[in-house]
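Next come the chains, spelled out residue by residue.
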Amino acid sequence: MTKASPLALLPLFLFLGLFVGSGLWYQSQGVEMAFYQISAPVAILPAIALAVLLARGSLNHRIETFIHGAGDHTIVTMLLIYLLAGAFASVAKAAGGVDAAVNLGLSAIPPTLVLPGLFVITAFIATAMGTSMGTVAAITPIAVGMANATDLPLLLTVGTIVGGAMFGDNLSIISDTTIAATRTQGVEMRDKFRMNFRIALPAALVTVSGLYFLGSSAVVEAPGDFEPLRVLPYLVVLCLAVSGVNVLLTLFTGLLLAGAIGLTLQPDYGLAALSRDVYAGYTGMQEILILSLLIGGLGAMMQAGGGLAWLATAIDKLNHSRRRGASATRIGELGISTAVAATNVCTANNTVAILLTGSLAKDIAQRYGVDPRRSASLLDIFSCAVQGLLPYGAQVLLASSLAKVSPLALIGNIYYCWLLGIAALISIAIGLPRETLRQADTASSPAD
């Protein structure tokens, strides 16, 4: 068994210190693009070196651990999504798809409802397809175009997309986070959905209301003419996603269709130009692709070194020390929430965070009287809320790369994830979902 050790977490703090600290320092010096002066894939290299020094075993074994983490199935899947998303966005834009989609959207959505409309549409798509990554890849280019066609802030518009995507990731019954949370806690998906919905809905309503006021004064240019056929790649991608088609196949189909439309409708657009656009999409994803690989390896080394085990043990001990003077159920719920949130910060992957803390959460739930449905709900909520606010998380990195904005600047505009976390903490403090669940159980028990 892996021996728990807090030293294994030091590389993560070193990376965050270099990445965030350098950006803040350059910003204080008035340097433009402050957070781009020290690239994240470069800032993580000293952290990896430290992780190798701290790891146990032979040098070859340590390197193998890193490579195994970088080559994890989840990491490789994300990398392929990055590549196809970049290629699809690049080719669809070259084929006139972005301009056509923006003009279509501006024609259909009232100016005051652009931001709320984007959030609702994104949330619906993410809920239907069960993946925030695919949703961000499909909608962000359109959101960027709409921001450019209005006076809406780009960061706010893109943050709206990420928030809507995380809403769907949290609530979808086919999401990998939902599957992980329900399986580790041994509950039905529909029960976990009901628990999540009672917390996510108020956060979503407040978000939509805030977006309405933030975007109510938007000056929208008169939409230009557009050919509906150029919007077809986006519509096909959305329909395939909602139908549950694999996200990789969905993006590849959209890429082929966008390329065919570009070759047919764009003057002087040949196979050579199409090839260049596909490759330009690849290169646009280079930074987050490299960073995701390195983070996957670093996360595996921290886990192998006992960092995550130490974190789980520390949180469990904290629960015991605080049990007096507070409701045992609330303490248990806080312990579960803290464990998955902290693990998510270390792994930058909400599904992996749930899987790593699932057994601990189940044990805490049993000892502190937390309903397993409530435990599954908290695991999913806090992992998604934290994931949507990590500047080195996959969703934020993908959105910031497609929009050409700083991931650190973006997280301050993802209002839904902040509100979701606040709503979940309030629910723990007042316990309303627990009472609602008990009443529902009482009402349904005679009929059963």
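Residues numbered from 1 in each chain as written. Predicted model: local features only at pLDDT ≥ 70, side-chain atom pairs only at ≥ 80, totals over all residues. Heavy atoms only, no water.

So, on to the overall build of the protein chain. Each helix and strand counted, the protein chain has 22 helices and zero strands in total. For the protein chain, with 448 residues in total, the buried portion stands at 54%. When the accessible surface of the protein chain is summed, it comes to about 19,100 Å², and 65% of that surface belongs to carbon and sulfur atoms. (Helix = DSSP H or I, 4+ residues; strand = E, 2+ residues; numbered from the N terminus. Buried < 20%, exposed > 50% of the residue type's maximum accessible area, 1.4 Å probe, protein only. Areas by Shrake-Rupley, 256 points an atom, 1.4 Å probe, with all protein chains shown as cover.)

Attention shifts here to the nonpolar core. Counting residues in hydrophobic clusters, the biggest one holds 129 residues, and the most contacted among them are Phe15, Ile44, Tyr82 and Leu398. The element contributing the most residues to this core is helix α4 (residues 73–94), with 12 residues. Not counting residues up to four positions away in its chain, the partners in contact with Leu398 are Tyr82, Ala85, Met133, Val136, Ala137, Met285 and Ile288. (Core = buried A, V, L, I, M, F, W, Y, C linked by side-chain atoms within 4.5 Å. Contact = heavy atoms within 4.5 Å.)

Mapped onto the elements, Gln395 comes out in helix α19 (residues 394–403). When near neighbours in sequence (up to four residues on either side) are disregarded, Gln395 contacts Ser132, Met133, Val136, Met166, Asp169 and Gln387.

Here the structure, examined in full by the defined rule, presents eight aromatic pairs. Considering the side-chain rings of Phe15 and Tyr392, the 5.7 Å spacing of their centres and the 75° angle between planes classify their relative orientation as edge-to-face. Of the two residues, Phe15 sits in helix α1 (residues 10–28) while Tyr392 sits in the loop between α18 (372–387) and α19, which places them 377 residues apart along the sequence. The same class applies to Phe15 as to Tyr392, namely buried. Site record: aromatic cluster; members linked through ring pairs are Phe119, Phe167 and Tyr416. (Phe/Tyr/Trp six-rings, centres within 6.5 Å; stacked < 30°, edge-to-face > 60°.)

Moving on: the environment of Asn344. Among the structural elements, Asn344 can be located in helix α16 (residues 328–347). Under the relative-accessibility criterion, Asn344 is labelled buried at 0%. Sequence separation between Asn344 and Gly393 is 49 residues, and the spatial gap between their C-alpha atoms is 9.4 Å. In this structure, Asn344 is in contact with Asn349, Asn350, Ala353, Ser383, Val386, Gln387 and Leu390, ignoring residues within four places of it in sequence. A polar contact of 3.5 Å, which involves the side chain of Asn344, links it to the backbone nitrogen of Asn350. Looking at Asn344, its side chain comes within polar contact range of the side chain of Gln387, at 2.8 Å. (Polar contact = N/O pair within 3.5 Å; in protein donor to acceptor, adjacent residues only side chain to side chain.)

Under the 1.5 Å per step criterion, the end-to-end length of helix α12 (residues 247–265) is 27 Å for 19 residues, consistent within 8% with the ideal 27 Å. Taken residue by residue, α12 has Val247, Thr250, Leu251, Gly254, Leu255, Ala258, Gly259, Ile261 and Gly262 as its buried positions. One face of α12 carries all of its buried residues, which in axial projection span an arc of 165°. Turned more than 90 degrees from where α12 packs its buried face, Leu256 and Thr264 sit exposed. (Expected span 1.5 Å × (residues − 1). Arc of directions from axis to C-beta.)

Axis angle and axis distance: for two packed helices, these are the angle between their axes and the distance between the axes, and together they describe the pair. For the pair helix α8 (residues 154–171) and α18, interaxial distance at closest approach is 9 Å and the crossing angle is 160°. Classified by the interaxial angle, the pair formed by α8 and α18 is roughly antiparallel. For α8 against α18, the interelement crossing comes out right-handed. Every residue of α18 that contacts α8 at Met166, Asp169 and Asn170 is listed here: Asp380, Ile381, Cys384 and Gln387. (Axes fitted to C-alpha atoms, helices over the stretch in contact; angles between N-to-C directions. Parallel < 35°, antiparallel > 145°, perpendicular 65-115°, else oblique. Left-handed = near helix turned anticlockwise from the far one by under 90°.)

This part covers the side chain of Asp169. Relative to the helices and strands, Asp169 resides in helix α8. Of the side chains with opposite charge, Lys192 lies nearest to the buried Asp169, which makes no salt bridge, at 7.8 Å. Only 3.0 Å separates the side chain of Asp169 from the side chain of Ser132, close enough to count as a polar contact. (Lys, Arg positive; Asp, Glu negative; His and termini not counted. Salt bridge = Lys/Arg side-chain N within 4 Å of Asp/Glu carboxyl O.)

Turning next to a nonpolar patch on the surface. A contiguous nonpolar surface patch, about 370 Å² in accessible area, is contributed by Leu7, Leu10, Phe13 and Leu54. Mapped onto the elements, Phe13 comes out in helix α1. (Patch = residues over 30% accessible without salt bridge, like charges linked within 9 Å, V, L, I, M, F, W, Y side chains within 5 Å.)

Turning next to the pattern of salt bridges. Within the structure shown, the criterion is met by five salt bridges. Between Asp191 and Arg194 there is a salt bridge, with its nearest N and O atoms 2.3 Å apart. Here the residue Asp191 and the residue Arg194 both occupy positions in helix α10 (residues 189–215), the gap between them amounting to three residues, near one helical turn. Owing to a relative accessible area of 39%, Arg194 belongs among the partly exposed residues under this scheme. Across the pair Lys192 and Asp380 runs a salt bridge, and its minimum N-O distance is 2.4 Å. On the criterion of sequence distance, the pair formed by Lys192 in helix α10 and Asp380 in helix α18 is long-range, its members being 188 residues apart. This pair shows no difference in class: Lys192 is buried, exactly as Asp380 is.

Okay, unusual backbone geometry next. Excluding glycine, residues mostly carry a negative phi; peptide bonds, for their part, are mostly trans. In this model, Asp268 sits at a positive phi of 55°, which is unusual for a non-glycine residue. For Asp268, a relative accessible area of 83% translates into the label exposed.

At a minimum axis separation of 8 Å, α16 and α18 run at an interaxial angle of 35°. As for the relative orientation of α16 and α18, their crossing is right-handed in sense. Of the residues in α18, those in contact with Glu333, Ile336, Ser337, Val340, Ala341, Asn344 and Val345 of α16 are Arg374, Ser375, Leu378, Leu379, Phe382, Ser383, Val386 and Gln387. Across the contact of α16 with α18, the residue classes tally to eight nonpolar, five polar and two charged. (Nonpolar A, V, L, I, M, F, W, Y, C, P; charged D, E, K, R; others polar.)

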